[in-house]
Amino acid sequence: MSQRTDRSEPDTAQDDWREIGNYLASRLPRRFLGWVCWAAGLVILGVLGWLGVRLVAAMSLVLVPGAIALLLVALLQPLNSGLRHLHVPRGLAALVSVFVLVAVLAGAAALAGFSLGSRITELIGQFQQSIGELQSKILHSPLPINQDLISRFEHRAQDYLQSLEKNLSTIIVDVTAMTVRVVTGLLLCAFLLIFLLYDGASIWRWLVSLLPEAASARVVDAGKASWAALAGFVHGTLIIAIVHGTVIGTTLYLLGVSAYLPLAMLVFLGSFVPVVGALVAGSVAVIFTLGTQGLVPAVILLAVLLAENELEAHVLQPFVVGRYVRLHPVAIVLTLTLGTVFAGIAGALLAVPLVGALRAAWGPLNGHESVVPVSEPSRLSRLWQRLRRAAERLRHRRRGGDPPRPE
């Protein structure tokens with residue numbers, strides 16, 4: 001009797017829920033019930049997304065350096081592969097690749113800092129003089145601006161600086177905590193970068209071996225597609241950043257801006273954020289040119305910057321990066337916005353390549369072909385291969401042997 005009673009209890013509960021559902025279906029419109037189900041599903045997805053964002057924020061000290069390390073591995077992979085092709089040991093090739101990256105970054109930063117520090121007094125004087133001239137022109141212009149408005153603006157700026165001075169201890173604590181986080185992230189990023197260059201393929205094979213055998217083939221194809229998208233994005237963005245930095249730096253030099261090198265480096269770094277990065281970084285160069293050289297050079301630089309932005313949007317991005325990051329410009333802007341809101345500068349830098357990698361992996365995970373050219377190397381990789389073959393041909397000619405056949 002007890003067994004029958006226990007078995008009948010779930011059936012009774014199911015019958016009760018079925019009766020409630022039938023009653024609601026008979027009393028409420030079917031379309032309304034459909035909207036209720038959709039709303040409940042969206043609420044559940046929103047809660048899960050919020051929890052995911054909170055989890056990512058809590059683990060940002062590990063996830064952000066890991067993502068940056070992946071981007072740097074994709075950047076250094078052609079150099080590392082070239083060293084391995086020259087029979088350099090695997091560990092030494094990884095260390096040399098990282099050393100080259102650190103040397104380039106440190107050298108560029110030191111050169112830019114020396115260029116800016118040696119002229120800092122001159123630049124401050126030029127900026128103050130240009131601001132005074134601009135203020136005089138504005139006061140004598142037909143614009144509805146008078147001395148009282150400018151004075152109020154100056155008083156507000158002074159009040160803001162005084163408030164910062166009062167909260168100096170809090171600012172120092174925040175800066176110290178941020179410095180500790182940045183240094184920790186840099187050390188973790190360097191550690192991951194070395195080991196991913198040294199043994200990244202073995203780490204990937206070990207991760208795939210943990211999956212069920214039925215899903216491993218699709219995951220391998222998805223990994224290849226994601227890596228092709230990531231490498232293509234990094235290499236293409238590097239080429240675009242070099243173009244932006246060279247053009248803006250040359251323009252600043254021709255306009256007589258003494259701090260052309262630091263500003264060109266700022267534009268170069270800003271170009272790693274798609275669509276808006278070079279424009280935002282270039283606006284700093286325009287303001288600096290306005291403060292040191294005057295209105296006409298600033299307008300010329302602004303025109304060059306806008307032309308550069310159009311060149312990137314219509315030529316460089318589709319031709320160099322568009323084959324690998326198959327995202328609509330609207331999707332790129334939304335991804336950048338969400339990444340910046342949730343993760344700040346790191347989100348703006350990492351959002352687009354990570355979403356592009358996930359987009360590339362979506363097809364293979366569902367049994368379809370990837371939207372990115374997996375078997376075709378990126379333009380930077382092909383350039384490195386051409387340089388390597390040219391060096392091999394030159395070496396064989398010096399030895400008097402036959403040149404190597406193309407691969």
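See above for the structure.
Parameters at a glance
- Residues numbered from 1 in each chain as written.
- Predicted model: local features only at pLDDT ≥ 70, side-chain atom pairs only at ≥ 80, totals over all residues.
- Heavy atoms only, no water.
- Core = buried A, V, L, I, M, F, W, Y, C linked by side-chain atoms within 4.5 Å.
- Buried < 20%, exposed > 50% of the residue type's maximum accessible area, 1.4 Å probe, protein only.
- Helix = DSSP H or I, 4+ residues; strand = E, 2+ residues; numbered from the N terminus.
- Contact = heavy atoms within 4.5 Å.
- Salt bridge = Lys/Arg side-chain N within 4 Å of Asp/Glu carboxyl O.
- Expected span 1.5 Å × (residues − 1).
- Bend = angle between axes of the 7 residues up to and from the residue.
- Axes fitted to C-alpha atoms, helices over the stretch in contact; angles between N-to-C directions.
- Parallel < 35°, antiparallel > 145°, perpendicular 65-115°, else oblique.
- Left-handed = near helix turned anticlockwise from the far one by under 90°.
- Nonpolar A, V, L, I, M, F, W, Y, C, P; charged D, E, K, R; others polar.
- Phe/Tyr/Trp six-rings, centres within 6.5 Å; stacked < 30°, edge-to-face > 60°.
- Lys NZ or Arg CZ within 6 Å of the ring centre and 35° of its normal.

**Q** Would you mind going over the nonpolar core in detail, with residue names and values included?
**A** Counting 19 residues, the largest nonpolar core has Phe233, Val321, Val325 and Val352 as the members making the most contacts within it. Elements that contribute at least two residues to this core include exactly helix H3 (60-85), helix H8 (213-254), helix H11 (295-321) and helix H12 (329-365). With near-sequence residues (within four places) excluded, valine 325 lies in contact with Phe233, Val352 and Gly356.

**Q** Any details on the pattern of salt bridges? Residues and values, ideally.
**A** Oppositely charged side chains can pair when the atoms bearing their charge come close. Taken as a whole, this structure holds 1 salt bridge when the rule is applied. For the salt bridge of arginine 90 with aspartate 199, the shortest nitrogen-to-oxygen distance reads 3.5 Å. Highlighted residues: arginine 90 in helix H4 (residues 90-117) and aspartate 199 in helix H7 (residues 168-209), separated in sequence by 109 residues.

**Q** With reference to specific residues and values, describe the side chain of threonine 335.
**A** Looking at the secondary structure, you find threonine 335 in helix H12. You can call threonine 335 buried: its relative accessible area is 14%. Residue contacts for threonine 335: discarding those within four places in its chain leaves Ala351, Val352 and Val355.

**Q** Go over H12 with me, naming the residues and quoting the values.
**A** Look at H12: only 24 Å from first C-alpha to last across 37 residues, short of the 54 Å you get at 1.5 Å a residue. Of all the bends found along H12, the most pronounced is centred on alanine 343 and spans about 150°. A positive phi of about 85° marks glycine 367, the residue just after H12.

**Q** Now, about unusual backbone geometry: what can you tell me, with residues and values included?
**A** You will see that histidine 87, though not glycine, has its phi angle at about 65°, which is positive. In this structure histidine 87 comes out as exposed when scored by relative accessible area, which is 74%.

**Q** Break down the side chain of serine 271 for me, citing the residues and quoting the values.
**A** Within the secondary structure, serine 271 sits in the loop between helix H9 (260-270) and helix H10 (277-292). Those residues in contact with serine 271 that sit more than four places away from it in its chain are Thr237, Ala241, His244, Gly277 and Ala278.

**Q** Just give me the short version of the packing of H8 against H12, but keep the residues and values in it.
**A** The contact between H8 and H12 brings their axes to 8 Å, and the two run at 150°. By the criterion of interaxial angle, the relationship of H8 to H12 is roughly antiparallel. Viewed along their axes, H8 and H12 form a crossing whose handedness is right-handed. Between H8 and H12, the residues in contact are Arg218, Val219, Asp221, Ala222, Ala225, Ser226, Ala229, Leu230 and Phe233 and Val352, Pro353, Gly356, Ala357, Ala360, Ala361, Pro364 and Leu365, respectively. Classifying every residue of the contact of H8 with H12 gives 13 nonpolar, 2 polar and 2 charged.

**Q** Give a description of the packing of H3 against H12 that names residues and reports values.
**A** Taken N-terminus to C-terminus, the directions of H3 and H12 make an angle of 55°; their axes are 11 Å apart at the nearest point. Comparing the axis directions of H3 and H12 gives the class oblique. Seen along the crossing, H3 lies across H12 with a hand that is left-handed. Contacts between H3 and H12 involve Val64, Ala67, Ile68 and Leu71 from the first element and Ala346, Leu350, Pro353 and Leu354 from the second. Of the residues contributing to the contact of H3 with H12, the split by class is 8 nonpolar, no polar and no charged.

**Q** Outline the packing of aromatic side chains, listing residues and values.
**A** Counting across every chain of the model gives 3 aromatic pairs. Between phenylalanine 191 and phenylalanine 195, the aromatic rings sit 4.7 Å apart at their centres with planes inclined by 45°, giving tilted as the arrangement. Taken together, the residues span about one helical turn, with phenylalanine 191 and phenylalanine 195 both in helix H7 at a distance of 4 residues. Taking relative accessible area as the criterion, phenylalanine 195 reaches 42% and is therefore assigned partly exposed. Note on tyrosine 253 and tyrosine 260: the rings are 5.2 Å apart at their centroids and 70° apart in plane angle, and the pair reads as edge-to-face. According to the relative accessible area criterion, tyrosine 260 is partly exposed, its value standing at 31%. The ring of tyrosine 198 has arginine 90 lying over it, and the distance from NZ or CZ to the ring centre is 4.4 Å.

Interpretation note: all reported values are geometric properties and have no functional meaning in isolation.
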